[in-house]
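Architecture at a glance
For reference, the chains in residue letters:
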Amino acid sequence: MTEYVLADTAAPSRTHAIKLYGPDGFEGMRRAGRLAAEVLDALVPHVKVGVSTDEIDRIAYEHIVRAGGLPACLGYRGYTKTTCISINHVICHGIPSERTFKDGDIANIDVTVILDGWHGDTSRMYLLGDVGVKAKKLVDTTYECLMLGIEQAKPGNRLGDISHAIQTHAERQRYSVVRDFCGHGVGRVFHDAPDVVHAGKAGTGPELKPGMFFTIEPMINIGRPDAKILDDGWTAVTRDRSLSAQFEHSVGITEDGCEIFTKSLAGLDRPPYA
Ligand code: MF3
Ligand code: CO
Ligand code: CO
């Protein structure tokens, strides 16, 4: 049985129960989500062949701090960067480094900001130079998966309706859905209940209620779904080295649907950005 708790009365930490937030929560998440989206917007002109992922991470850090926010990932479980930058067969949690972008790369950049205690968590794919048609199609389909999942995010539906919409669309293209990582409750806590899995049965799982805040962040592979973690303890790659893509939004369930907190006000939610 799923438990729900009014967020104002809950411990400000990860709980088993699902927190339900009120108008102050929506306002806080709107501001944090907007800042996170602005960071990804601001990176667009910098994500170019020859630029290092460390340089992108530095720009994201500066942007967040200048806006009065904090990078949520910095120091999180020992992570030492602001962003995760996951290129080609890296599924997620790629660590920024001296590696430079190469022609034909596809890269996910994931940023989470804390603004006045609220977490805005979002990621997008960026295309470097001349990207092949197969990679482009993976990126397009992954974005569609996210948005089809978001369409199911409304009161009365269940979490499994989101999972099912994503899985169905991915598998229709004979792609696979990564099972080792999932979306999560978000708000005053970075990673909270519930787990938002990206493959599952319609009509199952917790019922969606107004005031629930969570991320949807499907990771979709061209090949098999299996992941492995590299020796750095973070970088997750596809075992078969096939390409992987991901997009992420933070959303809040409203009376009649959901609000996307991390939408780009500049219209840069998906490539091409030019
Ligand atoms: N932003 C990631 C997510 O979507 C989490 C990254 S945790 C880090 O949940 F420590 F790797 F940065
Ligand atoms: Co997330
Ligand atoms: Co994220």
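See the structure shown above.
As a starting point, this report considers the structure included with it. Fair warning: this is a prediction, and the values are worked out from it, not measured in the lab.

Remarks on the pattern of salt bridges
Per the stated rule, a full pass over the model turns up 13 salt bridges. One salt bridge in this structure joins Arg-124 and Asp-41, with 2.8 Å as the shortest N-O distance. On the criterion of sequence distance, the pair formed by Arg-124 in strand β7 (residues 118-127) and Asp-41 in helix α1 (residues 23-43) is long-range, its members being 83 residues apart. There is no split in this pair, since Arg-124 and Asp-41 are both buried. The shortest N-O distance in the salt bridge between Lys-263 and Asp-269 comes to 3.2 Å.

Considering the state of the cysteines
Counting across every chain of the model gives zero disulfides. Its sulfur unpaired, Cys-92 is 7.5 Å from the next cysteine sulfur, which belongs to Cys-84.

Some words on the side chain of Ser-250
Structurally, Ser-250 can be placed in strand β16 (residues 249-253). Residue contacts for Ser-250: discarding those within four places in its chain leaves Met-29, Gly-120, Asp-121, Val-186, Phe-214, Thr-215, Glu-259, Ile-260, Phe-261 and Thr-262.

Quick notes on the coordination of the cobalt ion (ligand 3)
Only Asp-110 (OD), Asp-110 (OD), Asp-121 (OD) and Glu-248 (OE) from the protein reach the cobalt ion (ligand 3) as donors, at distances of 2.0 to 2.3 Å. Expressed as a motif, the donor residue spacing for the cobalt ion (ligand 3) is D-x10-D-x126-E.

Overview of the packing of α1 against helix α2 (residues 53-66)
For any two helices packed against each other, the geometry is given by the interaxial angle and the distance between the axes. One way to put it is that α1 packs onto α2 with a least axis distance of 10 Å and a crossing angle of 140 degrees. In terms of axis orientation, α1 runs oblique to α2. Crossing of α1 over α2 shows right-handed handedness. Where α1 approaches α2, its residues Leu-35, Glu-38, Val-39, Ala-42 and Leu-43 are matched on the opposing element by Ile-56, Ile-59, Ala-60, His-63 and Ile-64.

A look at the coordination of the cobalt ion (ligand 2)
Within the protein, the cobalt ion (ligand 2) binds to Asp-121 (OD), His-184 (NE2), Glu-217 (OE) and Glu-248 (OE); these donor distances fall in the range 2.0 to 2.2 Å. Around the cobalt ion (ligand 2) sit six donor atoms, and with donor-metal-donor angles ranging over 52 to 158 degrees the site reads as irregular. Here the donor residues of the cobalt ion (ligand 2) share one chain and are spaced in sequence as D-x62-H-x32-E-x30-E. In this model, the cobalt ion (ligand 2) sits 3.3 Å from the cobalt ion (ligand 3), the two metals being bridged by Asp-121. On the criterion of sequence distance, the pair formed by His-184 in strand β9 (residues 183-185) and Glu-248 in the loop between β15 (244-246) and β16 is long-range, its members being 64 residues apart. Accessibility assignment for this pair places His-184 and Glu-248 in one class, buried.

With respect to the nonpolar core
Core analysis: the biggest nonpolar cluster contains 32 residues, and Leu-43, Val-47, Phe-101, Ile-109, Tyr-126 and Phe-213 have the highest contact counts within it. Those elements that place two or more of their residues in this core are α1, α2, β4 (83-87), β6 (106-115) and β7. For this core, the leading source of residues is α1, giving eight residues. Residues Ile-106, Met-125, Leu-138 and Leu-159 belong to the second largest nonpolar core, which totals 30 residues.

Here we look at the sheet that holds strand β8 (residues 176-177)
Strand order in the open sheet formed by three strands is β8-β12-β15, with antiparallel pairing between adjacent strands. In the strand order of this sheet, the two ends are held by β8 and β15, each with one partner. Note: strand β12 (residues 219-221) against β15, three bridges, orientation antiparallel. Paired with Asn-221 across the two strands is Ser-244, which belongs to β15. Against the sheet, helix α3 (residues 133-151) engages β12 and β15, with an angle of about 35 degrees to β15.

Side note on the pairing of β6
Taking burial as the measure, the ten residues of β6 include nine buried ones, the bulk of the element. Sheet topology places strand β3 (residues 70-71) next to β6; two bridges connect them, and they run antiparallel. Directly across from Leu-70, in β6, lies its bridge partner Ile-114. By the bridge criterion, five bridges tie β4 to β6 in an arrangement that is antiparallel. Residue pairing across strands places Ile-87 opposite Ala-107, the latter belonging to β6. Bridge analysis of β6 against β7 gives ten bridges, and the strand direction is antiparallel. Within β7, the residue paired with Val-113 across the bridge is Gly-120. Between β6 and β7, which pair antiparallel one after the other, the connecting turn spans two residues, and Asp-116 there sits at a positive phi close to 50 degrees.

What counts, and where the lines are drawn
- Residues numbered from 1 in each chain as written.
- Chains lettered and ligands numbered in written order.
- Predicted model: local features only at pLDDT ≥ 70, side-chain atom pairs only at ≥ 80, totals over all residues.
- Heavy atoms only, no water.
- Salt bridge = Lys/Arg side-chain N within 4 Å of Asp/Glu carboxyl O.
- Helix = DSSP H or I, 4+ residues; strand = E, 2+ residues; numbered from the N terminus.
- Buried < 20%, exposed > 50% of the residue type's maximum accessible area, 1.4 Å probe, protein only.
- Disulfide = S-S within 2.5 Å.
- Contact = heavy atoms within 4.5 Å.
- Donors = N, O, S within 2.8 Å, 3.2 Å for Na, K, Ca; no water.
- Axes fitted to C-alpha atoms, helices over the stretch in contact; angles between N-to-C directions.
- Parallel < 35°, antiparallel > 145°, perpendicular 65-115°, else oblique.
- Left-handed = near helix turned anticlockwise from the far one by under 90°.
- Tetrahedral: all angles 85-135°; square planar, octahedral: opposite > 155°, others 65-115°.
- Core = buried A, V, L, I, M, F, W, Y, C linked by side-chain atoms within 4.5 Å.
- Pairing = 2+ DSSP bridges.

Read these as spatial facts, not as claims about activity.
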